[in-house]
Amino acid sequence: MMDQKVYPFSAGNRTMSDLLGGKGANLAEMATLGIPVPDGFTITTRVCQEYLRTGGLTDDLLEEIDKAIIDLEKKIGKSFGDPNNPLLVSVRSGAKFSMPGMMETVLNVGMSPEVAATLEKITGDSRFAWDSYRRFIEMFGKTVCEIPSESFAKVAEPLIKAAGGKTIADLDGPGLKAAGDAFIQVVEKHTGLPFPFDARSQLTRAIEAVFHSWNSERAQLYRRRERISADLGTAVNVQAMVFGNIGETSGTGVCFTRDPGSGAPGAYGDYLPRAQGEDVVAGIRNAFPLTHLGVVNPEAFAELNRIMALLEDHYRDMCDIEFTVEQGKLWILQTRVGKRTAEAAFKIATQLVDEGSITMDQALTRVNGEQLVQLMFPQFDKASAPKELTRGIAASPGAAVGSVVFDPRDAADQALAGKKVILVRRETNPDDLVGMVAAQGILTARGGKTSHAAVVARGMGRPAVCGTESIEVNVDEKFFTCGDVRVHEGDLISIDGTTGAVFLGEVAVVPSVVTEYVQGIVDPGAATSTALIKSIHRIITHADSVRRMSVRANADTPEDAEIARRMGAQGIGLTRTEHMFLGDRRVLVETLVLATTDEERTEVLAEMEKLQFSDFVGILRAMTGLPVTIRLLDPPLHEFLTDQASLAVDIALTQERGEAVDERKLALNRAVNRLHESNPMMGLRGVRLGVLIPDLFSMQVRALTRAALHVRAQGYDPQPEIMIPLVASQRELLYFRSSLETEVARVLENAGEQMHISIGSMIETPRAAITAAKLADYSDFFSFGTNDLTQLTWAFSRDDVESSFLPRYLDLELLPFSPFESLDQDGVGLLVKIACDEVRTVNPEMKLGVCGEHGGDPRSIDFFHHVGLDYVSCSPFRVPVARLEAGRAAVSDHATTGSA
């Protein structure tokens, strides 16, 4: 039926993740495959969306849930809420996109003291029965009643000490019952109400808690980071409980069909006997390697390996699987395409190609530019022989150096202040996300390779070392010990997530081998080349072969141009000539502004021309045979002059001392005041500056034309292009283009040479975008300057908003991301699309590109491909990323990934 709100697992499949969420869709898929999945049902994401709008569960929904429970009772042969034959269920979140640990779960729903007593009687296992009881009370209190974990830890501590244990897992049956009873008092004191032992009430409140958790602080933070829409909502999965804490023949675990850290083939994971799922994921107890299951239960281990192979073959990707063994029988609780490190992503993609599971086009969609960026980060220099403090589990690769911080909020605050920190915890939980995002790396005393810290760190590309049993973390007093060594908050440490090593102090770093590869230093075909380099080379080479857009670089110096070319750039899309007059050269612009006669102005322009000529020669040589787009001076002149306030204070202090003020300084002060603008980004700059001071731009064009002729005479193949900035009108462009063409023609005539130099314009004002068809009559090409186009479309001054209200807008999800980091496709992107469509109607062959910072952003590159741009231009070190993403964009319309 059209308005169905609840789906049994038998009624779904993996294509229904929009409606059932990823977890629900995959549970339904596994049920169809005949995999042993505890039965249950899924409440759809639409219900969550409606609940968050209205704040309540509707009567018709409650009726569907009741019917689903009755159907589940019939299948299981137990009764929900019946203390004599109890059915217990788990209530878990499950959004369309995996958000590990970011939303809530409640296990053992339907529990009561009477149910626990029945479980003890049925199983003869007192510890299991009252452990399940204690777990439910604590989880319900924390999740549904929002009681801090510390409140439960405080009342459990004396019970644990009395039993001579270290953790609550050391208590026996009576001790766990006492802990559960104490937890009930905590809940009742906090809520002022009796604890709800009615099973239906527990279920309803648990469902509401999961819906609420969609908008929890950590979930919002994770969505912002992963750019997941806030409108999707989460599904809720209600599933019959199976118990991994019944005696020594039971346990729980998490496994991957390949190593998510290195990409190595073969089963990989953790197993924890006599435990429930959150023990492994939360890292509360250090687990055994997955192979331990093969020792204690060879039959279940063999069945698990069969299912792992089945799922990887079915999904054609590495799978992440949660499982429970209940009294010797294996149950699969969930599966999903597993999160992996950047290294693993590239290696697994090519492995699957070699195994015949996917095509190279599909392999290209399994990796992304941000993963390539992660692999280009520096690594520790082992040649420096750093002294190792200890070693834990290598949970997420990479090198990280920072000051020790124990509180996630402190980590976020210090990172915001510009400090590099390492977050140190006993184990992490989802509430620590704010600190994990801010930290350079993560170090935990507990937890394995499948713990929360490891999974989240791998997903974010953060180095992490987990399960470092040799360290004792004292969060309250803010230090940790390792043997006789005490490390305090603020001390500098280094962690290597690739090896698990922890070092005191700062370890030197060296460029990664991936950076050396993309720079052409490492030969991917050499026998010594690593599997990672070979995988990256295969995938980037394939991206180059299928992409439609070319990739250029933004480069302002010959050195940058050489680097860009080594990185695979197919030309320069933006040379910012204003950058050539910073530093020691700034005085030339200052002198030009202060010139009072034609002779003085001609003299300084001649000096500037010499420098420009030299710069252009170097860049054109480095890019021989490839286009080089030179943008004429763009920023306001005041940016080259002394700050107005500083100059005024300097003059005032000099006068106060009774000293004479230098005449040049006084003249400069007059010029600064004359050129001062209230909003300089919308004032005298770009083409407007060229109209008012034509000699300045004529000098640049003259230098460029002379440099091109000089380079050609040396045997190179220069392909210069001139780009006019901040164009807004047709008449403005026509007027200015004519003057530039005259100057180019004059230089060529004087030299007795011929050369074609294209003259194009930047599209960086909304007016230029919507009138692009008219501007096309007088422009050889267009390049979208999306930085300024974003500022002018949003009425944002980038320098101001990023330090004022933009962070708050992001926190409140009023903006899903900064429009300066990734293109606002609905607004700024619409202007780009309008311009492209209009231009193509009058000149289908006109070259269109982009040279703003968005040219190196993966999501933006995909958009630029689909609106029909011919090239993107980005910083030299983003060129390999852009090449990869342009290839991904080209295959995205027709490649089938096989992923869930």
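- Per an unreviewed UniProt entry, the protein chain goes by the name pyruvate, phosphate dikinase and belongs to freshwater metagenome.
- For the record of the protein chain, the UniProt heading Cofactor (unreviewed entry) holds the text "Mg(2+)".
- Listed in UniProt under the heading Sequence similarities (unreviewed entry), the comment for the protein chain reads: "Belongs to the PEP-utilizing enzyme family."

## What to know about the overall build of the protein chain
Working step 1: Of regular secondary structure, the protein chain possesses 36 helices and 33 strands.
Working step 2: Whereas a compact globule of 900 residues would reach a radius of gyration of roughly 29 Å, the protein chain reaches 32 Å, a difference of no more than 12%.
Working step 3: Principal-axis analysis of the C-alpha atoms places the extent of the protein chain at approximately 105 × 65 × 60 Å.
Working step 4: Excluding contacts between residues fewer than 6 apart, the proportion of contacts in the protein chain whose partners are at least 24 apart in sequence is 69%.
Working step 5: In the form shown here, the protein chain has an accessible surface area of approximately 36,700 Å², with 51% of it arising from carbon and sulfur atoms.

## Points about the sheet that holds strand E26 (residues 550-554)
Sheet strands pair by backbone hydrogen bonding; their relative direction is either parallel or antiparallel.
Working step 1: Strand order around the closed barrel formed by eight strands is E26-E27-E28-E29-E30-E31-E32-E33, with parallel pairing between neighbours. Between one strand axis and the next, the sheet turns through 30 degrees on average, direction left out of account.
Working step 2: By the bridge criterion, three bridges tie strand E27 (residues 572-576) to strand E28 (residues 627-631) in an arrangement that is parallel. Bridged to Thr-575 within E28 is Ile-630.
Working step 3: Against the sheet, helix H23 (residues 598-622) touches E27, E28 and strand E29 (719-724), its axis set at about 150 degrees to E28.
Working step 4: Against the sheet, helix H27 (residues 694-713) contacts E28 and E29, and its axis sits at roughly 170 degrees relative to E29.

## Regarding a nonpolar patch on the surface
Working step 1: A surface patch of nonpolar side chains, about 360 Å² in accessible area, is lined by Phe-805, Tyr-809, Leu-812 and Leu-814.
Working step 2: Mapping Leu-814 onto the fold places it in the loop between helix H33 (806-811) and helix H34 (828-842).

## Let's talk about the side chain of Glu-312
Working step 1: Here Glu-312 lies in helix H12 (residues 298-315).
Working step 2: Under the relative-accessibility criterion, Glu-312 is labelled buried at 13%.
Working step 3: Residues contacting Glu-312, with those up to four places away along its chain left out, are Thr-257, Arg-258, Asp-317, Met-318, Cys-319 and Leu-352.

## Focus on the state of the cysteines
Working step 1: By the definition in use, this model includes zero disulfides.
Working step 2: With no disulfide of its own, Cys-466 lies 16 Å from the sulfur of Cys-482, the closest cysteine sulfur.
Working step 3: Of the residues examined, Cys-466 reaches a relative accessible area of 0% and is grouped as buried.
Working step 4: Free of any disulfide, Cys-851 has its nearest neighbouring cysteine sulfur in Cys-874, separated by 11 Å.
Working step 5: Cys-851 gets classed as buried once you look at its relative accessible area, which sits at 3%.

## Observations concerning helix H22 (residues 586-594)
Along an α-helix, residues three or four positions apart point the same way, because every turn accommodates 3.6 residues.
Working step 1: Turning to H22, its buried residues are Leu-588, Val-589, Glu-590, Leu-592, Val-593 and Leu-594.
Working step 2: Elements in contact with the buried residues of H22: H23, helix H25 (663-675) and H27.

## A closer look at a negative patch on the surface
Working step 1: On the surface, Glu-599, Glu-600, Glu-603 and Glu-607 cluster together to form a negatively charged patch.
Working step 2: Considering the arrangement of structural elements, one finds Glu-607 in helix H23.

## A word on the pattern of salt bridges
Working step 1: For the structure on display, the rule yields 56 salt bridges.
Working step 2: Among the salt bridges present, the one from Arg-274 reaches Glu-248, with a minimum N-O distance of 3.6 Å. Highlighted residues: Arg-274 in the loop between strand E9 (265-273) and helix H10 (277-281) and Glu-248 in the loop between strand E7 (234-240) and strand E8 (251-258), separated in sequence by 26 residues.
Working step 3: For Glu-248, a relative accessible area of 59% corresponds to the exposed category.
Working step 4: Arg-547 is the partner of Asp-544 in a salt bridge, and the nearest nitrogen-oxygen pair spans 3.0 Å.

What counts, and at which threshold
- Residues numbered from 1 in each chain as written.
- Predicted model: local features only at pLDDT ≥ 70, side-chain atom pairs only at ≥ 80, totals over all residues.
- Heavy atoms only, no water.
- UniProt positions renumbered as here; feature names shortened; annotations may be inferred.
- Helix = DSSP H or I, 4+ residues; strand = E, 2+ residues; numbered from the N terminus.
- Rg over C-alpha atoms; globule rule 2.2 N^0.38 Å.
- Contact = heavy atoms within 4.5 Å.
- Areas by Shrake-Rupley, 256 points an atom, 1.4 Å probe, with all protein chains shown as cover.
- Pairing = 2+ DSSP bridges.
- Axes fitted to C-alpha atoms, helices over the stretch in contact; angles between N-to-C directions.
- Patch = residues over 30% accessible without salt bridge, like charges linked within 9 Å, V, L, I, M, F, W, Y side chains within 5 Å.
- Salt bridge = Lys/Arg side-chain N within 4 Å of Asp/Glu carboxyl O.
- Buried < 20%, exposed > 50% of the residue type's maximum accessible area, 1.4 Å probe, protein only.
- Disulfide = S-S within 2.5 Å.
- Lys, Arg positive; Asp, Glu negative; His and termini not counted.
- Charge placed at Lys NZ, Arg CZ, Asp CG, Glu CD.

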